[in-house]
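Chain by chain, the residues run as shown.
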Amino acid sequence: MIKSMTGFGRCEISEAERKITVEMKSVNHRYLDVSIKMPKKLNFFEASIRSVLKEYIQRGKVDLFITYEDFTENNVTIKYNRDIAGEYMQYLKQMAEDFSLDNDIRVSSLSRFPEVFSMEEQAIDEEGIWKTLEKALRGAAEGLSQTRITEGENLKEDLISKLDGMLESVAFIEERSPVIIAEYRQTLKDKVKELLEDAQVDENRLLMEVTIFADKVCVDEELVRLRSHIETTKKTLSEGGSIGRKLDFIAQEMNREANTILSKANDLETSDRAIELKTEIEKVREQIQNIE
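Residues numbered from 1 in each chain as written. Predicted model: local features only at pLDDT ≥ 70, side-chain atom pairs only at ≥ 80, totals over all residues. Heavy atoms only, no water.

## Details of the pairing of strand β3 (residues 32–37)
Part 1 of the reasoning: Summarising the sheet, β3 and strand β4 (residues 60–70) pair through six bridges and their orientation is parallel. Bridge pairing links Val-34 to Val-62 in β4.
Part 2 of the reasoning: Once you follow β3 into helix α1 (residues 46–53) and on to β4, the crossover reads as left-handed. (Pairing = 2+ DSSP bridges. Helix = DSSP H or I, 4+ residues; strand = E, 2+ residues; numbered from the N terminus. Right-handed = clockwise from strand over helix to strand, strands pointing away.)

## Let's talk about the packing of aromatic side chains
Part 1 of the reasoning: Applying the stated rule across the entire model yields four aromatic pairs.
Part 2 of the reasoning: Each ring, one from Phe-45 and one from Trp-130, has its centre 5.7 Å from the other, and the planes form 20°; the classification is stacked. Of the two residues, Phe-45 sits in the loop between β3 and α1 while Trp-130 sits in helix α4 (residues 126–196), which places them 85 residues apart along the sequence. No difference in accessibility class separates Phe-45 from Trp-130, as the two residues are buried.
Part 3 of the reasoning: An aromatic cluster is built from Phe-44, Phe-45 and Trp-130, whose rings are joined through pairwise contacts. (Phe/Tyr/Trp six-rings, centres within 6.5 Å; stacked < 30°, edge-to-face > 60°. Buried < 20%, exposed > 50% of the residue type's maximum accessible area, 1.4 Å probe, protein only.)

## Brief notes about α1
Part 1 of the reasoning: For α1, every residue scored as buried is listed here: Ile-49, Val-52 and Leu-53. Looking straight down α1, one finds its buried side chains confined to an arc of 100°; they lie on one side. (Arc of directions from axis to C-beta.)

## Quick word on the packing of helix α6 (residues 220–239) against helix α7 (residues 244–264)
Part 1 of the reasoning: Look at α6 against α7: their axes get within 9 Å of each other, and the N-to-C directions meet at 155°. If you check the angle between α6 and α7, you find them roughly antiparallel. Handedness of the crossing formed by α6 with α7: left-handed. Contacts between α6 and α7 pair Glu-222, Leu-223, Arg-225, Leu-226, His-229, Ile-230, Thr-232, Thr-233, Thr-236 and Leu-237 from the former with Lys-246, Leu-247, Ile-250, Glu-253, Met-254, Glu-257, Thr-260, Ile-261 and Lys-264 from the latter.
Part 2 of the reasoning: In terms of residue class, the contact of α6 with α7 is built from eight nonpolar, five polar and six charged. (Axes fitted to C-alpha atoms, helices over the stretch in contact; angles between N-to-C directions. Parallel < 35°, antiparallel > 145°, perpendicular 65-115°, else oblique. Left-handed = near helix turned anticlockwise from the far one by under 90°. Contact = heavy atoms within 4.5 Å. Nonpolar A, V, L, I, M, F, W, Y, C, P; charged D, E, K, R; others polar.)

## Observations concerning the sheet that holds strand β2 (residues 18–27)
Part 1 of the reasoning: The strand order across the open sheet built from four strands is β1-β2-β4-β3, with neighbouring strands paired in mixed fashion. What marks the edges here is a single partner per strand, and that holds for β1 (7–14) and β3. Between one strand axis and the next, the sheet turns through 15° on average, direction left out of account.
Part 2 of the reasoning: By the bridge criterion, ten bridges tie β2 to β4 in an arrangement that is antiparallel. In the sheet register, Glu-23 faces β4, and the bridge partner there is Phe-65.
Part 3 of the reasoning: Seen against the sheet, α1 touches β2, β3 and β4 and runs at an angle of roughly 135° to β3.

## A short note on α7
Part 1 of the reasoning: In a regular helix each residue adds 1.5 Å, so 21 residues correspond to 30 Å; α7 covers 31 Å between its end C-alpha atoms and thus fits that length.
Part 2 of the reasoning: The set of residues buried in α7 consists of Gly-244, Leu-247, Asp-248, Ile-250, Ala-251, Glu-253, Met-254, Asn-255, Glu-257, Ala-258 and Ile-261. (Expected span 1.5 Å × (residues − 1).)

## Looking at the nonpolar core
Part 1 of the reasoning: Membership of the largest hydrophobic core comes to 27 residues, with the highest contact counts inside it found for Val-22, Met-24, Ile-49, Leu-64 and Ile-66.
Part 2 of the reasoning: With eight residues, the single largest contributor to this core is α4.
Part 3 of the reasoning: In terms of nonpolar packing, the next biggest core, distinct from the first, is built from 26 residues, Ile-230, Leu-237, Leu-247 and Val-284 among them. (Core = buried A, V, L, I, M, F, W, Y, C linked by side-chain atoms within 4.5 Å.)

## A short note on the pattern of salt bridges
Part 1 of the reasoning: Within the structure shown, the criterion is met by 20 salt bridges.
Part 2 of the reasoning: With a shortest N-O distance of 3.1 Å, Arg-50 and Glu-46 are connected by a salt bridge. Within this pair, Arg-50 and its partner Glu-46 are both found in helix α1, separated by four residues, close to a single helical turn.
Part 3 of the reasoning: For Glu-46, a relative accessible area of 31% puts it in the partly exposed group.
Part 4 of the reasoning: Measuring nitrogen to oxygen at the nearest pair gives 2.8 Å for the salt bridge that ties Asp-158 to Lys-162. A residue pair is termed a helical-turn pair when its members lie 3 or 4 positions apart in one helix, as Asp-158 and Lys-162 do in helix α4 at four residues. (Salt bridge = Lys/Arg side-chain N within 4 Å of Asp/Glu carboxyl O.)

Limitation: the analysis is restricted to geometry and does not speak to function.
Here it is as structure tokens:
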């Protein structure tokens, strides 16, 4: 099977202590480009997240969004800093002696001094968080992969249909080529007779002119290569896998052959078919840009 580079996936895992939601979307890109937006608390897992994504995605620009909710009530504790409170008391006592003041400090007053009480988070359960995060990440990645596969199969069917149409144009030009030469020979012969009136036509000279013309308009090699490229593309689509770059290169070669055929065309019907070929090749190439 082949994959498109366009897709979307979402997964939410809710457990007793936490809930993690992962959403990801992807579009076409030459390489794998992952942009991650998540709470700072999860930054520690960035390398692991990218490693997991590489198991599912080879190419594409991926935007990843992660939300995290912690249901743990005791994840923050209050810490009493006795040493800092002691220093406050020592200096307050000294101030009372220095300025002959009453030392009327109360516990409620002392507790409001900076750093006497501080909030302290408990150690993060990295293993537990990663277990939940990985589950949500893989669920979203599988959903993304499925949409990419579905879109890829649709692309494959449309591409094969276009390639079959191109083969028909190639066959038409192959059949038309000898007819063009025969028509040119007859037209040339008629013109010579008209100019020379009833004089005898030099068949050898006529044959030479027709040979030169045939050499100029001959597209046999181009047609053989173009047919080969089309068949190779169809075979590659059937094989599947990460084939986007290979198909893009083949499409460039097909376009080069079509350009040569069009430049050599000396017949309206052949020119029209060559233009159709170029148009279809461009459509094929645009769609190939979205294949992984």
